[in-house]
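Observations on chain architecture
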Amino acid sequence: MRAAVLEEFGKPLAIQELELTDPKEGEALVRLVACGVCHTDLYTASGVDPSGYAPTVLGHEGAGVVEAVGPGVESLAVGDHVVTLFSPQCRKCVHCLDDRTNLCLAIREQQNKGYLPDGTTRLKRDGEEIRHFMGTSTFAEYTVMPEIALAKVNPDAPLDRACLFACGLSTGLGAAINTAKVREGTTCVVFGAGMVGLGAVAGCRLQGAERIICVDLSDDRLELARGQGATETMIGGEDTVEKIVEETGGFGADYTFEATGNVKVMQQAVEAARMAWGLATVAGVAGKGETLDIVPRLLITGRRVAGSSFGGVKGRDGVPEFVERYMAGDIDVDPFISHRITLDEVNRGFELMEAQDGIRSVIEFG
Ligand SMILES: NC(=O)c1ccc[n+]([C@@H]2O[C@H](COP(=O)([O-])OP(=O)(O)OC[C@H]3O[C@@H](n4cnc5c(N)ncnc54)[C@H](O)[C@@H]3O)[C@@H](O)[C@H]2O)c1
Ligand SMILES: [Zn+2]
Ligand SMILES: [Zn+2]
């Protein structure tokens, strides 16, 4: 099969022929139909990610069709449509059995090292082992993944849209729906209008928020936020907190969401949350070693801070539900797809992202 290989950090990905061995116990072979290009792929490709390794096949926002299953696979069959999950759901571990978290404990250690759960890889090049990335490696025509990391979705859903639910969109939706559990009639502020922030805006709208104020640095992105349900928009700056407090009768917002990865903005999100019950949900990933500054008095007077990984979504249950809501017309996915590219053009996908040209480039596999 053909795949985009990260050979060397900071260099363009190389499209190469690789071998992919058959799925083993509890695994499935998936033919990719579409895959989004995300910041996390670029972050690893650039070499900035301290836990990155090479060679590997990047990509994690995949959607495709099951072509074969290994022994013991019960929840998937050949022909099923699936979305890939970097955050699995084994349905057995202590975290999967608890409704307070989506952080499945099943395969973390091996996945972080680049291996499938049994500690080996299915990717090979002339006999040399190539490691997997995020347990997904979806910049490729095919991938082998554990059954517990594949969400079976409605076969009528177009896979070029469904793939966006593999990462940022579900993260934003889930931050509002699962983590913050936004109440009807409330005021929400979303910092950042990338894939995650726009998903959070949509999530606040689905929860029935009355006011959704979106803050970003780009007018184009704020326009997209209006399309997702933002009732007001603001260009971010030093005085954002002041402006939000003023706009909310001197109190601040019931819910704030941070989706920028900037710790100064995380601080603004905490400070813009209302006294007594304001909840700031942090979804952005900060740089290594960075810390978030909070004046403790803000907490004593009732503000709370929550973090959200993959929007608190238990992937095998939650992603198919989101796809159903998309199919029902509740979530408008099309505006997020700014470019459609081929696997050979994956490096162009990175360039478009660096230029902040659109929200997502989606690779379509012919
Ligand atoms: N928690 C998770 O599971 C998870 C999953 C995916 C991504 N993320 C993280 O979420 C963050 C957002 O991801 P994304 O794909 O939407 O990124 P993105 O770069 O597309 O969007 C970030 C947005 O923040 C805006 N921004 C930057 N500085 C700002 C400021 N001072 N005030 C207001 N807005 C500002 C930018 O203009 C941009 O539109 C990243 O840190 C990413 O790593 C987290
Ligand atoms: Zn992603
Ligand atoms: Zn689990």
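Before reading further, recall that the structure is shown in the block above.
Report follows, based on the coordinates. (Residues numbered from 1 in each chain as written. Chains lettered and ligands numbered in written order. Predicted model: local features only at pLDDT ≥ 70, side-chain atom pairs only at ≥ 80, totals over all residues. Heavy atoms only, no water.)

**Notes on the layout of surface pockets**
Of the voids in this model, the second largest pocket is the one considered here, and its volume is about 440 Å³. Together, 21 residues line the second largest pocket, and Asp-99, Asn-178, Thr-179, Gly-312 and Val-313 are the ones closest to its centre. When contributions to the lining of the second largest pocket are tallied by element, the ones reaching two or more residues are α4 (168-179), β17 (304-307) and α10 (315-327). With five residues, the single largest contributor to the lining of the second largest pocket is α10. Of the residues that constitute the lining of the second largest pocket, the class distribution is five nonpolar, nine polar and seven charged. (1 Å grid on protein atoms, 1.4 Å probe; cavity = no way out; pocket = protein on both sides within 12 Å on 5 of 7 lines; lining within 4 Å. Points joined across faces, edges and corners; volume = space filled by probe spheres on them. Helix = DSSP H or I, 4+ residues; strand = E, 2+ residues; numbered from the N terminus. Nonpolar A, V, L, I, M, F, W, Y, C, P; charged D, E, K, R; others polar.)

**A look at the sheet that holds strand β15 (residues 255-258)**
What the six strands build is an open sheet, ordered β14-β13-β12-β15-β16-β17; its pairing is parallel. Edge positions in the sheet fall to β14 (232-235) and β17, since each of these pairs with one other strand and no more. Mean inter-strand twist for the sheet, computed between neighbouring axes without regard to direction, equals 20°. Two strands pair when backbone bridges link them, and strand β12 (residues 187-191) and β15 are joined in this way by four bridges, in the parallel orientation. Residue pairing across strands places Val-190 opposite Phe-257, the latter belonging to β15. In the packing of helix α7 (residues 240-247) onto the sheet, the strands contacted are β12, β13 (211-216) and β14, and the crossing angle to β14 comes to about 155°. (Pairing = 2+ DSSP bridges. Axes fitted to C-alpha atoms, helices over the stretch in contact; angles between N-to-C directions. Contact = heavy atoms within 4.5 Å.)

**Digging into the coordination of the zinc ion (ligand 2)**
Six octahedrally arranged donors around a metal ideally form angles of 90 or 180 degrees; four tetrahedrally arranged donors ideally form angles of 109.5 degrees. Taken together, the protein ligands of the zinc ion (ligand 2) are Cys-38 (SG), His-60 (NE2), Glu-61 (OE) and Cys-167 (SG), with distances of 2.0 to 2.7 Å. For the zinc ion (ligand 2), the four donor atoms in the first shell make angles of 88 to 129° at the metal, so the coordination geometry reads as tetrahedral. Sequence spacing of the donors to the zinc ion (ligand 2): C-x21-H-E-x105-C. With Cys-38 in the loop between β4 (27-36) and α1 (39-46) and Cys-167 in the loop between α3 (159-162) and α4, the pair connects residues that are 129 residues apart, well separated along the chain. For Cys-38, a relative accessible area of 5% puts it in the buried group. Taking the relative accessible area as the measure of exposure, Cys-167 reaches 9% and is therefore buried. (Donors = N, O, S within 2.8 Å, 3.2 Å for Na, K, Ca; no water. Tetrahedral: all angles 85-135°; square planar, octahedral: opposite > 155°, others 65-115°. Buried < 20%, exposed > 50% of the residue type's maximum accessible area, 1.4 Å probe, protein only.)

**Regarding the coordination of the zinc ion (ligand 3)**
Around the zinc ion (ligand 3), the protein supplies Cys-90 (SG), Cys-93 (SG), Cys-96 (SG) and Cys-104 (SG) as donor atoms, at distances of 2.3 to 2.4 Å. Taken together, the four donor atoms coordinating the zinc ion (ligand 3) and their angles of 105 to 120° define a geometry best described as tetrahedral. Residue Cys-93 is classed as buried on the basis of its relative accessible area of 13%.

**What to know about the pairing of strand β16 (residues 279-282)**
Burial of β16 is two-sided: the residues Leu-279 and Thr-281 facing one way and the residues Ala-280 and Val-282 facing the other way are all buried. As paired elements, β15 and β16 share four bridges and run parallel to each other. What sits directly across from Glu-258, in β16, is Val-282. In this fold, the crossover linking β15 to β16 by way of helix α8 (residues 263-271) has right-handed handedness. Direction of pairing for β16 relative to β17: parallel, over a ladder of four bridges. Bridged to Leu-279 within β17 is Arg-304. (Right-handed = clockwise from strand over helix to strand, strands pointing away.)

**Considerations on unusual backbone geometry**
At the junction of Ala-54 and Pro-55, the peptide bond is cis and its omega measures out at 0° in the coordinates. Phi at Asp-126 is positive, roughly 45°, even though this residue is not glycine. Tracing the sequence through the fold places Asp-126 in the loop between β8 (123-125) and β9 (128-130). The class for Asp-126 is exposed, based on a relative accessible area of 74%. A positive phi angle is found at Gln-356, which is not glycine, with a value near 50°. Along the polypeptide, Gln-356 turns up in the loop between α11 (346-354) and β19 (360-364).

Fair warning: the whole summary comes from geometry, so function is off the table for now.
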